[in-house]
Amino acid sequence: YRTVGLDMSFSAQRMASKLQSQALGKPVSSGVFELMKDGQVDSGAKAIAVSTTVFGSAQQARGYLAAVVEVATLFDQAARLATAAHTDLQVIGSSAEPIYSTAPHSPGALQGARATVAFAEQHWTLVLHPRPSFYAATTESASRLVYAGGAAMTLLLMLILFAFLRMNARLRQEVATRQAADAVLQHRQLMMERSESMAHMASFEWDVDTGVISWSPEMFRILGRDPALGIPGLQEQAQLYTPHCAAMLLEAVRKAVAEAQPYELELMVVRPDGEQRPCLVKGFPECDASGRVVRLAGLVQDITERKRAESEINSLAFYDPLTSLPNRRLLMDRLQQAVAASKRHSHYAALLFIDLDNFKTVNDTLGHDVGDQLLQEVAQRLISCLRGLDNIGRLGGDEFVVLLENLSSDAAEAATEVETIGEKILQLLNQPYTLKDKPLLITPSIGVTLFAHYQDSTEHLLKQADLAMYQAKAAGRNTVRFFDQAMQTLVMQRAALERDLREAVVHGQLVLHYQPQVDQHGRLTGAEALLRWQHPERGLLEPAEFIALAEDTGLILPIGRWVLGAACAQLALWSRHPETAALTLAVNVSSRQLMVPAFVDEVCALLAHTGVDAQRLKLELTESLLVLDVEEAIGKMK
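What you see as residue numbers is a count from 1 along each chain, following the sequence as written. Confidence filtering applies because this is a predicted model: local features only for residues at pLDDT of at least 70, side-chain atom pairs given and counted only at 80 or more, and all residues used for totals across whole chains, interfaces and linings. Computation of side-chain values: all heavy atoms of the structure, hydrogens and water removed.

> How should the overall build of the chain be read in this particular structure?
In this description a helix means any DSSP run of H or I spanning at least four residues, a strand means any run of E spanning at least two, and both kinds are numbered starting from the N terminus. Counting its secondary structure elements, the chain contains 19 helices and 24 strands. When each of the 638 residues of the chain is scored for burial, the buried share is 40%. Any two residues having at least one pair of non-hydrogen atoms within 4.5 Å are treated as being in contact. Taking the intrachain contacts of the chain between residues at least 6 apart in sequence as the baseline, contacts between residues at least 24 apart amount to 57%. Each accessible area value is a Shrake-Rupley result obtained with a 1.4 Å probe; residue values ignore everything except the protein chains displayed when judging cover. As presented, the chain carries roughly 34500 Å² of accessible surface, and 54% of it is formed by carbon and sulfur atoms. Each residue gets one of three labels from its accessible area relative to the maximum for its type: buried under 20%, exposed over 50%, partly exposed in between, using a 1.4 Å probe on protein chains only.

Next comes the structure, spelled out in structure tokens:
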């Protein structure tokens, strides 16, 4: 029976049948009730409702289904059979009151043949009452009527049982359909909750008219709110954000309702434990046919992880991972801004290029982990001695850059300011370092270029400071030098000399000269090997013109090995002649060469190969380069 607006919980009796259905796990009839028609009780329309419970997973009640059947529809076919047998049909419910009857004016129970049918926890009694025409029939007709009456009762029972069974089957089919649909719905809901959990995203709806807010379970996790506290109203919900964000949210909601304007905000949630988390909040107004906003739906996403990832990406892109200082990319961007600012305000700015002296020796002798600790300590010292408006970064290796802005508009005064800061940096970086419980001294060389109203590229500025730094190294290291045009020429010459020196090592342009050594009586006791470079264009070059370059470029190692080999070969030649067999030969060894781990093995192998008496070979350390690991150096000497 199709009826609109039937509330199965309207009466206590019907509610009890629903609860009994849930407890028993099978259909339960509510008994007879009167239907409504056009808002009024229709006394002629009685119905029964058979309720059954729809169970979900873990036998949890998910809802109820009810088959509503009009009593007349249920029993009319049976009544026609009874009339054909000259009898009246009366149906008595469990309450012992008639609920259906074909006999006119029969408020009470009729007398006659009875049969009882049990269905849906209710008992239905069928009564066949003979009409006067039944008794007026002939004997032969009466026999037929009795037979017909018995058959009618049997058919009545069968029809009613069939009707009940069909109702029961339809209920079972409908329950199975609803349970399958509910399983799909629950699965989708579970998948949605999992998706929301994975995305840290919750959904919400706000009924503008009632003020009722609903949201998904993920919202409780995002806000850190106990679900037992329930869902707060709009004003209380706004208090879950910082005051500024709360004002932004309320204003956005006001505009959304008043102007049907969607919004997207980044707000900071304050969780009960005081932790603040960034959230992306989106709202979408929904309107009725008249255009009035009646509902506000939206999403709230915890973007803490996204913000953290963005920060990490930004850090990797613009900051040095070892020292956390700006890297080359960020420095060049800030340098470009500094150039524009110096033009705009007519103030000088300066770029300082700082390189640590002999840093490679630290890595080679103490290990890269110590070198990394040293770079971190240098970075912290630089940060501590600079002004708040200054920029500092690491280009790579042991190269640092400092950008000084807002200096004087007078070049001489600006240079004085920079020199003062440069000397302060020198003094601070010259202080001893303690790494792995060992004291360490290391010095910086600083190159400076001043600029104002600069027109060239920022890369050119960096190159100028770099050139000035090399000038500081050439001046003896541990000093500050300013860029000038003469530096460019010197650096170009240095680059050409380095290229030629590499070719000299490969093509055998290096030679040894021998300086005699005599005793107090003037007798020859040995010689000292003096390195010379027979340059194809510049002639014979003294060590002072290329040894420092060899140290800086690392060419000192192959040159040192060649010198030792040539010296041992000369000693071997001398040993073949009595007059020179007793001579010794002194060879200068770079401290960098001495610190090579395989140095001792290389010398021993060379002596064994040439057959030279080790007593005839003298190794001399003449440079003032710092020997970092003294104990290791002493061991190698021994």
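Now that the structure has been shown, the text picks up again.
> So what exactly am I meant to see when it comes to the sheet that holds strand β5 (residues 98–101) here?
Within a sheet, adjacent strands bond to each other through the backbone by hydrogen bonds, running parallel or antiparallel. At least two bridges found by DSSP between two strands are what make those strands a pair. Reading across the sheet, the four strands line up as β5-β4-β7-β6 and stay open at both edges, with antiparallel pairing between neighbours. In the strand order of this sheet, the two ends are held by β5 and β6 (113–119), each with one partner. Averaged over all neighbouring strand pairs, the angle between strand axes comes to 20°, with direction disregarded. Pairing geometry for β6 and strand β7 (residues 122–130), over seven bridges, is antiparallel. To define axes, lines are fitted to C-alpha atoms, for helices over the stretch in contact only, and angles between the resulting N-to-C directions are given on a 0 to 180 degree scale.

> Would you mind showing me how to read the sheet that holds strand β11 (residues 276–287) here?
The strand order across the open sheet formed by five strands is β9-β8-β12-β11-β10, and the pairing between neighbours is antiparallel. With one partner strand each, in any of the chains shown, β9 (213–215) and β10 (263–270) form the two edges of the open sheet. Pairwise comparison of adjacent strand axes, ignoring direction, gives a mean angle of 25° for this sheet. One ladder, built from three bridges, connects strand β8 (residues 201–207) with β9; its direction is antiparallel. Considered in β9, the bridge of tryptophan 206 is made with isoleucine 213. Against the sheet, helix α7 (residues 243–259) makes contact with β8, β10, β11 and β12 (293–302), and its axis sits at roughly 150° relative to β10, the strand it touches most.

> So what exactly am I meant to see when it comes to the environment of threonine 87 here?
Tracing the backbone through its elements, the reader meets threonine 87 in strand β4 (residues 87–92). Given a relative accessible area of 4%, threonine 87 falls into the buried group. Dropping the residues within four chain positions of it, threonine 87 is found in contact with Ala82, Leu128, His129, Pro130 and Arg131.

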